[in-house]
Structure formats: structure tokens, C-alpha cells
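Listed below are the residues making up each chain.
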Amino acid sequence: MSQQAVKFAYWVPNVSGGLVVSKIEQRTDWGIEYNRKLAQLAEAAGFEYALTQIRFTAGYGAEFQHESVAFSHALLAATSKLKVIAAILPGPWQPALAAKQLATIDQLTNGRIAVNIVSGWFKGEFQAIGEHWLEHDERYRRSEEFIRSLRGIWSQDNFTFRGDFYRFDNYSLKPKPLGRPEIFQGGSSRAARDMAARVSDWYFTNGNSVEGIKAQVDDIRAKAAANQHSVKIGVNAFVIARDTEEEAKAVLAQIIDQADPEAVNAFGDAAKQAGRASPEGEGNWAKSTFEDLVQYNDGFKTNLIGTPQQIAERIVALKAVGVDLVLTGFLHFQEEVEYFGKRVLPLVRELEAKAQSVPTAEVA
């Protein structure tokens, strides 16, 4: 088990409809006042990161969504320690613009901006805004060039790069970021994992069982080691923490029972098509059921649903197989982030401390 404490992030609900495709009441709002208060609550609760989303258009209950970089800056301005990960989509964004935007925000917030490079899976979105649609593995090749460009711009003067998608000729960005903003990416396909093993600081995977996550972690870390690279792992999880297991399971049942079939199926059709578009047919959502798709990123699969003690034990089990960060979603964000900070996170830290204090067996 890693000596480092597992980190926590939360999905910023900067989108209408919350994070489940269900008609159940969600006391969550996509407006700035709600999200400023949420960021402050999360910071006080012990969360290290928040992740903003990016979607230019969507037809599955997520139509209203703020632009991620501007929204991230607003949340950073309302906090003092929290890092915010701004989602950026190659195609609509060019690396020169993204590098400059993020370097400026980094300067203004004392190094608290990070970036999530989203390779894109929703073909209808690209068509709607007149962006050229690339095939699955080509999108990851473009994202890798995007990341290499960001890194070069931020670290070098007279940066020159000759790629298939981006080119730079003696470009010097000033001012540069105070440090090197962390770069996140997601995906479950072979192309996504291989890209992470070459260039990314962090790899996000959809929710999964402990065994499924271990297989991904082992695969990525072995590939990264062969590339003389290291990458940290984050996993998506929808958290339902209640005083009793029965209460938590009842909430899950209500979410699924009140799922919006039209919205779930619209999302599922597009998402599964994207997941199966990888050459090996194993991208995100390729094997997701209707119930899985009620939460956009397979968050129910991670099974952080139960009492604080049960959830803390499952988080430490994830850490034991190599997870460095848990990316959390909630039904009622403000109340549940606060509850998580008071009731779950201290138990995680206790279990981590106990695990570190257990002496390892001596090898003869």
C-alpha cells in the first residue's frame, strides 16, 4: 500500500441535471453561488481537488453547462487551498490558447489550476459545432500531442514541435506557470491507457470493481515503467453514505427506480457506441448496463454505498490495489460533501494509519 494518503476530488456540478440521469430530487444546483459555497465546504472537509466538466451540447438531461476554464477560475477565487481541474477538449481548444489561459490562472491562484484533457466521445457534439470528427485512436493521438505541446510551452523557451495535429516554431510563452500544472486524462481503452503510460500525470478510470481497477492499474503502471514514466490513478465513484446500509441502498434503489429511461437510453446509445469504437471494443461504457448508465461514469460500480465505515474500508481497499485518488459524485452535493468530510474521511485516515503501522514480515 502506498505511503501517501489517498486524495479526494469531487465532480463540480456545473451542469443541469446533476450527476444521475434520474427524476429523483437532487438538491444540487449548477449556478455559481451554489458552487462557490460547495467549493468552500469541500475545501474545509478535506477534499484536495474539484473537477469541472466540459460539454458544448448534450441531449440527455445535461443541456446547461458552464464553460470549464472560466468556471474553474471562479471557484479558485472563492477558495485558498483547493485545486481545480479544468476540462479541456482538443478540437475546440488549441494548445497555445489553453497553455496561455492556464498559465495566467496559475499565476493568479498561486499554482492551483490543473487540466483534464478530454479526448472526446460524443460525435453529435463535434458535428453540432462544426468540428472535424476523428476516429477513436486518432483522438488519443491528438490528445497526446496536445499534452506534449502544453508541457513544452510551459517548460521551454523557443519551443518547437512538429506533430500531425499541432506545430510550433520557436514559441516562448511568458509568463509561464509558477510550477507545472498537473495533467489528467480519462478513458478505459487501450489507446487511453497507453497514452497515460507515456505522458499524463494522472489517469481517471470509470467506476469498476476492485478487481477490475487492479487490472487497469497493473497494466498502466507496467507500461509506464517501460517508458520511464510514472502515472497516478483516480477512480470515479458515486457516493451514497448514510447512517445505515439499508438507508444507503434504499437511496440507490430510488435513484434507479426513478431513472429517466429516455435520457438514460439517449446517453447510453451515444456512450456505448463510443466505448465500442476502440479497436478492442473495451472503451468506457462498452459493457455498462442500464443501471450503470444512470450515473454517467459507472459510479455505482465502485460500490461506495453504505455506512461511513463500509465506505472507508472500500476506499482503503482501492488504495491497496493502487488507487491514488477517488473522484466523488453525490446526490445532494453540499450536504453530502460535508457529511463525507465529517464521517467518512476521518475513518479513511484512521485505517490508513493502522495499515502503515502493521510491520512487514522479514524476509529470511
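Residues numbered from 1 in each chain as written. Predicted model: local features only at pLDDT ≥ 70, side-chain atom pairs only at ≥ 80, totals over all residues. Heavy atoms only, no water.

**Q** Explain the nonpolar core residue by residue, including any values.
**A** Counting residues in each nonpolar core, the largest one holds 110 residues, and the members touching the most others are Y10, F47, W154, I255 and I315. Broken down by element, this core gets its largest block of residues, eight residues, from helix α12 (residues 333-357). Dropping the residues within four chain positions of it, F47 is found in contact with F8, A9, Y10, A42, L82, T328, F330, V337 and F340. (Core = buried A, V, L, I, M, F, W, Y, C linked by side-chain atoms within 4.5 Å. Buried < 20%, exposed > 50% of the residue type's maximum accessible area, 1.4 Å probe, protein only. Helix = DSSP H or I, 4+ residues; strand = E, 2+ residues; numbered from the N terminus. Contact = heavy atoms within 4.5 Å.)

**Q** Give a detailed account of the sheet that holds strand β7 (residues 183-186), specifying residues and quantitative values.
**A** Spatially, β1-β2-β3-β4-β7-β8-β9-β12 is the arrangement adopted by the eight strands of the closed barrel, whose pairing is parallel. On average, each strand axis in the sheet is tilted by 25 degrees relative to the strand beside it, whichever way the strands run. This element, helix α3 (residues 95-108), spans β3 (83-88) and β4 (113-117) of the sheet and lies at about 155 degrees to β4. Relative to β4, helix α5 (residues 136-155) is tilted by about 155 degrees, and along the sheet it contacts β3, β4 and β7. (Pairing = 2+ DSSP bridges. Axes fitted to C-alpha atoms, helices over the stretch in contact; angles between N-to-C directions.)

**Q** Explain α12 residue by residue, including any values.
**A** Two residues of an α-helix separated by three or four positions point the same way, owing to the 3.6 residues in each turn. With 25 residues, α12 extends 34 Å between its outermost C-alpha atoms, agreeing within 8% with the 36 Å of an ideal straight helix rising 1.5 Å per residue. Where α12 bends most, the angle comes to about 40 degrees, and this point is G341. Buried within α12 we find F333, Q334, E336, V337, F340, G341, V344, L345, L347, V348, L351 and E352. Those residues of α12 that are buried lie in contact with β1 (7-11), α1 (32-45), β10 (240-241), α11 (308-320) and β12 (325-329). (Expected span 1.5 Å × (residues − 1). Bend = angle between axes of the 7 residues up to and from the residue.)

**Q** How would you sum up the packing of α3 against α5? Please name residues and give values.
**A** The geometry of α3 relative to α5 is characterised by a closest axis approach of 9 Å and an angle of 50 degrees between their N-to-C directions. Judged on the interaxial angle alone, α5 and α3 are oblique. When you trace α3 past α5, the crossing you get is right-handed. Taking contact as the criterion, the partners of P95, A96, A98, A99, L102 and A103 in α3 are, on α5, F146, S149, L150, I153 and W154. Tallied by class, residues from the contact of α3 with α5 come to ten nonpolar, one polar and no charged. (Parallel < 35°, antiparallel > 145°, perpendicular 65-115°, else oblique. Left-handed = near helix turned anticlockwise from the far one by under 90°. Nonpolar A, V, L, I, M, F, W, Y, C, P; charged D, E, K, R; others polar.)

**Q** Explain the environment of N297 to me, and be specific about the residues and the numbers.
**A** When you line up the elements, N297 lands in the loop between α10 (290-293) and β11 (305-306). By relative accessible area, N297 is classed as buried at 16%. Along the sequence, N297 and F238 sit 59 residues apart, while their C-alpha atoms lie 8.7 Å from each other.

**Q** Report on helix α6 (residues 190-199), specifying residues and quantitative values.
**A** By the criterion of burial, α6 is predominantly enclosed, with eight of the ten residues buried. Of all the positions in α6, only A191, A192, R193, D194, M195, A196, A197 and V199 are classed as buried. Contacts made by the buried residues of α6 are with α5, β7, β8 (202-205) and α7 (210-226).

**Q** Help me get a handle on the pairing of β3, residues and values and all.
**A** Most of β3 is tucked away, with five of its six residues classed as buried. Where strand β2 (residues 49-51) and β3 come together, three bridges link them in parallel fashion. Each residue of the ladder has a partner; that of L51, found in β3, is I85. As defined by bridge partners, β3 adjoins β4 across five bridges and the pair is classed as parallel. Note on β4: the bridge partner recorded for V84 is I113. This β-α-β element, β3 to α3 to β4, shows right-handed connectivity. (Right-handed = clockwise from strand over helix to strand, strands pointing away.)

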